[in-house]
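# Descriptive analysis of the structure
So you can see what is in the structure, the chains are spelled out below.
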Amino acid sequence: TAMMGLSKTDHIVSGTSCSPMMTSVAFSCMIATAENEAAVAAIADDFAANVQWNRWICVSATNALVATKGKQVLCLASSGDLFTQIANTLLATDWTVVKDMTN
């Protein structure tokens, strides 16, 4: 749960994360699958409350979002063009942004 930025794993059946330890551009993406649609909002809130803006040595994320699609909840933290390109791709593939944050 710590690698995904979550405080608990209640109602999560699976999840994965991608967050390079060393990079010149801040990037972190986590996806969790809820056991049911009723748990999606709680997982989204947990992601939003625990965004790790400064998890890298030399860079920080400036933007983050939490999006949902069915029982999946995604949390993206990044900066600049990379963030914009991924966010636009999510919107084009029917993800719904439920939290949009700026550091």
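Residues numbered from 1 in each chain as written. Predicted model: local features only at pLDDT ≥ 70, side-chain atom pairs only at ≥ 80, totals over all residues. Heavy atoms only, no water.

### Re the side chain of Ser28
Note on placement: Ser28 falls in strand 2 (residues 27-34). Take Ser28: its relative accessible area is 2%, and that puts it in the buried class. Within the structure, Ser28 has its side chain in polar contact with the side chain of Ser19 (distance 2.6 Å). The residues contacting Ser28, other than those within four sequence positions of it, are Cys18, Ser19, Arg55, Trp56, Cys75, Leu76 and Ala77. (Helix = DSSP H or I, 4+ residues; strand = E, 2+ residues; numbered from the N terminus. Buried < 20%, exposed > 50% of the residue type's maximum accessible area, 1.4 Å probe, protein only. Polar contact = N/O pair within 3.5 Å; in protein donor to acceptor, adjacent residues only side chain to side chain. Contact = heavy atoms within 4.5 Å.)

### What to know about the sheet that holds strand 4 (residues 72-78)
With respect to topology, 5 strands assemble into an open sheet ordered 1-2-4-3-5, the strand pairing being antiparallel. Each edge of the open sheet carries a strand with a single partner, namely strand 1 (12-18) and strand 5 (96-102). Ignoring which end each strand starts from, the neighbouring axes of this sheet average 10° apart. Note: strand 3 (residues 63-69) against strand 5, 6 bridges, orientation antiparallel. (Pairing = 2+ DSSP bridges. Axes fitted to C-alpha atoms, helices over the stretch in contact; angles between N-to-C directions.)

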